[in-house]
Amino acid sequence: NTIFKSSPLMPSKKSPFFSTKKDTDAALDLPPVTGRSPSLPASETVANQPAFSSSGFTRLPKPLQGDWLMDHEEKGQTVSSYLRSTRVGGQFLPPSPTFNTILLVPIGSSFSSPLGSLFLPLLAARCSDFFPGFNVKIFGGKEGKPLSLKGVARRENEYSNPQYLIPEIFSLVNRTTSRDHTAYCRLGITMEDIYPGEGWNFVYGQARLMERTGVFSFCRHSPLFSSGTRVRDVAVGEIDQLKFFRRCFKTMSHEITHMLSIRHCIYYQCLMNGNNGPGEGAARSMFYCPVCLRKAAASMARAGGDEGVDLRQRFVNMREGWESVLSSLSGSGRGVRNDIKWLQDRVNFMDGTCGHCDAVDYIGSSDEEGEGGEEEEGSGGIGGGAPALVKTLEELASLVQGTMSYPPFPPSGSGAEFASALSSQVTVVPASGRSFKVSRGLLGCHVHGAEGGASQESVAWLMNAAKLGRGEVKKAAVEAVASLPRTFVPPGLIF
């Protein structure tokens, strides 16, 4: 079983698991993609490669007391091991075009309430955007009657409200939906509080990988939960609907991903991080990291059959879907707006125009963290306009020639496409006399990548310039490195 929320009653372990940069690179590693290879899933197209770039993602730091990885010894799951375990005849049964339904099963009378009726179709629609290739259905149809919790074992939680036993809910879901033979996975969703057994206070959700069945609860995501108000009694206009919905979708998409046989992520800030609650250092993202996206995309492609999966279009559909949520629900919407911005930046990145790094004019900017660890574009920078950037590239090229090749941006198979898409390039003639072309936006991209904690290669690139540079180049690189959080700078490179 995979538990999404740890109970405060569970004992802590002494030695946390931490993935090194080498572990992270190995987890994402696959043979270079030059075309469609029959040994790789249909998601591994050249066009999809930018989506698997680590740019824009932060590696997980060492866990602190109270973090999930301090309490749970997670071993990680590489892309290669996932593909082996989910191939035909492997450990886990893969989806197929005739076996590709994600079945959402509403449970409890709360889904007949105004808030439940408002949320349910929106959850299904966003789920379709998030898992292309799969057929997302609500059990019983849009107007289907939720399953009754009558007869399911229960106890009282800390607010004297009913709390239902998960193993019996699993039995209810499996028993009721067993005739749907297209259902690859089944997710029971409820607005009641749940717990997995004695010794646990509660969980947000739980998934059984082998059965591909999950259960999750909206209950504790409600802003009014701590007041003792049950979700079924919450008036539609009484809460921040956007914040509530966003929290619910995050848990739901996490649980569904577990049912695709994808385990907790130990590599980057990611939707699939384990979560010990509000103080957790990980689990700040609404989206997959490149490791988990590569695994999930393989399942999406298998579910969709010959059509494969277009990851750029997935980002577009997700962005448009969240824009519709923003217009349908009330609330502050700050987190949703940050999500929309991140998705648009990812589309720009796949198009070869980084959302933050203009190919001609941009050198760098400072970023502020928004809700959920997402970035908001700031102001300032480390330099001026295009002429200074050209000079910087020329000088950097002469400094590092012979000791460094420019790290591809984005890495892995799409550097050429990205470089050709940039509007301006300059010919650089380094000290050796051998000329080569460098995109004008390269330095700006590395600065942005380093500031966002996105790429240790970008940090090392700037650190080399700070160490070896002279004049304005050294000054610019030193300022850029000095502005980075210390956790982004490899210890061996601190000067």
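None of the values given here were measured: they were computed from a predicted structure. (Residues numbered from 1 in each chain as written. Predicted model: local features only at pLDDT ≥ 70, side-chain atom pairs only at ≥ 80, totals over all residues. Heavy atoms only, no water.)

1. Topic: the overall build of the protein
The number of helices and strands found in the protein is 14 helices and 13 strands. For the protein, buried positions account for 57% of its 495 residues. Long-range pairs, those at least 24 residues apart, make up 73% of the contacts in the protein between residues at least 6 apart in sequence. When the accessible surface of the protein is split by element, carbon and sulfur atoms take 52% of a total near 20200 Å². (Helix = DSSP H or I, 4+ residues; strand = E, 2+ residues; numbered from the N terminus. Buried < 20%, exposed > 50% of the residue type's maximum accessible area, 1.4 Å probe, protein only. Contact = heavy atoms within 4.5 Å. Areas by Shrake-Rupley, 256 points an atom, 1.4 Å probe, with all protein chains shown as cover.)

2. Topic: the pairing of strand E8 (residues 205–208)
On E8, burial covers both faces: Gly205 and Ala207 on one face and Gln206 and Arg208 on the other are all buried. Examined bridge by bridge, E8 and strand E9 (residues 213–217) share four bridges and lie antiparallel to one another. The residue of E9 that forms the bridge with alanine 207 is glycine 214. If you look at the hairpin formed by E8 and E9, you'll find four residues sitting between the two strands, and arginine 212 has a positive phi there, around 55 degrees. (Pairing = 2+ DSSP bridges.)

3. Comments concerning the side chain of serine 43
By the element assignment, serine 43 lies in the loop between helix H1 (21–28) and helix H2 (68–71). Judged by relative accessible area, which is 0%, serine 43 ranks as buried. Beyond its immediate sequence surroundings of up to four residues, serine 43 is in contact with Asn48, Phe52, Ala297, Ala298, Ala301 and Val309.

4. Quick word on the environment of glutamate 73
With respect to the helices and strands, the residue glutamate 73 is situated in the loop between H2 and helix H3 (79–86). At a separation of 2.7 Å, a polar atom in the side chain of glutamate 73 contacts the side chain of lysine 75. (Polar contact = N/O pair within 3.5 Å; in protein donor to acceptor, adjacent residues only side chain to side chain.)

5. Describing the nonpolar core
The biggest cluster of nonpolar side chains holds 85 residues, and the ones touching the most others in it are Phe131, Met252 and Tyr288. If you tally residues by element for this core, the top one is helix H7 (residues 290–304), at nine residues. Phenylalanine 131 has contacts with Ile102, Ser253, Ile256, Thr257, Leu260, Tyr288 and Met300, leaving out every residue within four places of it along the chain. Residues Leu103, Val105, Leu147 and Tyr164 belong to the second largest nonpolar core, which totals 17 residues. (Core = buried A, V, L, I, M, F, W, Y, C linked by side-chain atoms within 4.5 Å.)

6. Looking at the packing of helix H8 (residues 311–328) against helix H9 (residues 334–351)
The interhelical angle for the contact between H8 and H9, taken along N-to-C directions, is 155 degrees, at an axis separation of 9 Å. When the axes of H8 and H9 are compared, the pair comes out roughly antiparallel. In terms of crossing hand, the pair formed by H8 and H9 is left-handed. Where H8 approaches H9, its residues Leu311, Arg312, Phe315, Val316, Met318, Arg319, Trp322, Glu323 and Leu326 are matched on the opposing element by Val336, Arg337, Ile340, Trp342, Leu343, Gln344, Arg346, Val347, Met350 and Asp351. Split into classes, the residues belonging to the contact of H8 with H9 amount to 12 nonpolar, one polar and six charged. (Axes fitted to C-alpha atoms, helices over the stretch in contact; angles between N-to-C directions. Parallel < 35°, antiparallel > 145°, perpendicular 65-115°, else oblique. Left-handed = near helix turned anticlockwise from the far one by under 90°. Nonpolar A, V, L, I, M, F, W, Y, C, P; charged D, E, K, R; others polar.)

7. What about unusual backbone geometry?
In this model, serine 160 sits at a positive phi of 65 degrees, which is unusual for a non-glycine residue. Tracing the chain through its elements places serine 160 in the loop between strand E4 (154–156) and strand E5 (162–165). For serine 261, which is not glycine, the phi torsion reads 75 degrees and is therefore positive. Within the secondary structure, serine 261 is located in the loop between helix H6 (241–259) and H7.

8. Thoughts on helix H4 (residues 114–130)
Its 17 residues give H4 an end-to-end C-alpha distance of 25 Å, which sits within 8% of 24 Å, the value for a rise of 1.5 Å per residue. Residues of H4 that are buried in the fold lie against strand E2 (101–107), strand E3 (135–138), strand E6 (183–190), H6, H7 and H8. (Expected span 1.5 Å × (residues − 1).)

9. What about the sheet that holds E5?
On the basis of which strands lie adjacent, the open sheet formed by three strands has the order E4-E5-E7 and mixed pairing. If you trace the sheet from one side to the other, it starts and ends with E4 and strand E7 (193–195), each paired once. The average angle at which neighbouring strand axes cross in this sheet is 35 degrees, direction not considered. With three bridges joining them, E4 and E5 adopt antiparallel strand pairing. Within E5, the position partnered with arginine 154 by the bridge is tyrosine 164.

10. Considering the confidence of the model for the protein
Per-residue pLDDT for the protein has a mean of 73; in total, 64% of the residues score no lower than 70. The secondary structure element of the protein with the lowest average pLDDT is strand E11 (residues 375–377), at 22, and the one with the highest is H8, at 97. Taken as a whole, residues 355–455 scores under 50 in pLDDT and shows 210 contacts with residues more than four places along the chain or in a different chain. A low-confidence stretch, residues 486–495 stays under pLDDT 50, and its non-local contacts, those more than four residues away or across chains, total 25 contacts. (pLDDT = per-residue confidence, 0-100.)

11. Details of the side chain of serine 222
In this structure, serine 222 sits in the loop between E9 and H6. Setting aside anything within four residues of it in sequence, one finds serine 222 in contact with Val231, Val234 and Phe244.

12. Concerning the pattern of salt bridges
Using the criterion set out here, one finds 16 salt bridges in the structure. With a shortest N-O distance of 3.8 Å, arginine 155 and glutamate 198 are connected by a salt bridge. Taken as a pair, arginine 155 in strand E4 and glutamate 198 in the loop between E7 and E8 lie far apart in primary sequence, 43 residues in all. Judged by its relative accessible area of 23%, arginine 155 falls in the partly exposed class. For glutamate 323, the salt bridge is made with arginine 319, and the minimal N-O distance between the two is 3.8 Å. (Salt bridge = Lys/Arg side-chain N within 4 Å of Asp/Glu carboxyl O.)

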